[in-house]
Amino acid sequence: MRVIPLSPDKKKRESGKNRAEESRSAQNNRYNKPAARQQSALTYAYKLLGYRDRSEKEMTERLRMKGFDEHKTADTVDYLKSNGFLNDKRLASSLKRYAEEQKQLSVRGARKFLMDRGLKRDIIDEKVGDIDEIETARKLIKKKLNGMNKTNPIQNTRITDI
C-alpha cells in the first residue's frame with residue numbers, strides 16, 4: 001500500500017479547521033472560569049432586576065434556570081440582599097398596593113398574587129391584612145356601572161338595588 005502525501009493546499013485547509021475548532025473550545029473554556037461565571041451571574045441578576053423587582057425565590061429560580069450552580073446562585077442572592085437590591089418586604093408592599101389599586105383584588109386574590117411571586121407566607125400575612133374589601137367591591141361596582149348601557153332601566157335597577 002502506497003501513502004500519498006498531502007499537497008500543501010490540503011495541509012493548510014486541514015490546519016485551518018483545527019485552529020478554528022481550537023479557537024471555539026478556548027472561547028467556551030473562557031466562560032467556564034469560576035470568576036467569569038460569578039461575574040456573569042451577577043450581571044444576569046442585574047439585568048433581571050432592570051426589568052422589575054424580584055423576590056429572593058424568583059431570583060434563585062431564574063439563576064438556576066440559566067445554569068448557574070447552587071453555590072454561585074446563593075452567593076449572588078446574598079450579595080444582592082446585603083446591598084439592598086433584593087428586599088421581599090419592599091416588594092410585598094409594592095405588589096400589595098398594585099393588587100389593591102390596579103387589579104382591585106380581594107384579600108384572597110392579593111394573597112394568591114403575592115404567593116405566585118414567591119414571597120413568604122409571614123410577609124404576605126403582614127402586608128395583606130389591611131386591604132379593605134368593601135371599598136374594593138365599591139370601586140368594582142362603580143367601574144361596572146360606568147361601562148354599562150345606561151338606556152336599559154331594568155338592568156340598572158337590578159345592580160343599584162344591591
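Residues numbered from 1 in each chain as written. Predicted model: local features only at pLDDT ≥ 70, side-chain atom pairs only at ≥ 80, totals over all residues. Heavy atoms only, no water.

Please clarify how helix 3 (residues 56-66) should be interpreted in this entry.
In an α-helix, one full turn covers 3.6 residues, which means residues spaced three or four apart are oriented alike. Buried residues of helix 3: Glu-56, Glu-58, Met-59 and Leu-63, and no others. The buried residues of helix 3 occupy one face: seen down the axis, they fall within an arc of 165°. (Buried < 20%, exposed > 50% of the residue type's maximum accessible area, 1.4 Å probe, protein only. Helix = DSSP H or I, 4+ residues; strand = E, 2+ residues; numbered from the N terminus. Arc of directions from axis to C-beta.)

What should I look at first to understand the side chain of Glu-58 in this one?
Secondary-structure assignment places Glu-58 in helix 3. Discounting residues that sit within four places of it in the chain, Glu-58 has contacts with Arg-52, Asp-53 and Arg-117. (Contact = heavy atoms within 4.5 Å.)

Got a minute to help me understand the packing of helix 5 (residues 88-101) against helix 7 (residues 121-128) in this structure?
The relative placement of two packed helices comes down to the angle between their axes together with the axis-to-axis distance. Where helix 5 contacts helix 7, the axes come no closer than 10 Å and their chain directions differ by 45°. Taken as axis vectors, helix 5 and helix 7 run oblique relative to one another. Judged by the sense of rotation from one axis to the other, the crossing of helix 5 with helix 7 is right-handed. Contacts from Asp-88, Lys-89, Ala-92, Ser-93 and Lys-96 in helix 5 reach Ile-123, Glu-126 and Lys-127 in helix 7. The class makeup of the residues in the contact of helix 5 with helix 7 is two nonpolar, one polar and five charged. (Axes fitted to C-alpha atoms, helices over the stretch in contact; angles between N-to-C directions. Parallel < 35°, antiparallel > 145°, perpendicular 65-115°, else oblique. Left-handed = near helix turned anticlockwise from the far one by under 90°. Nonpolar A, V, L, I, M, F, W, Y, C, P; charged D, E, K, R; others polar.)

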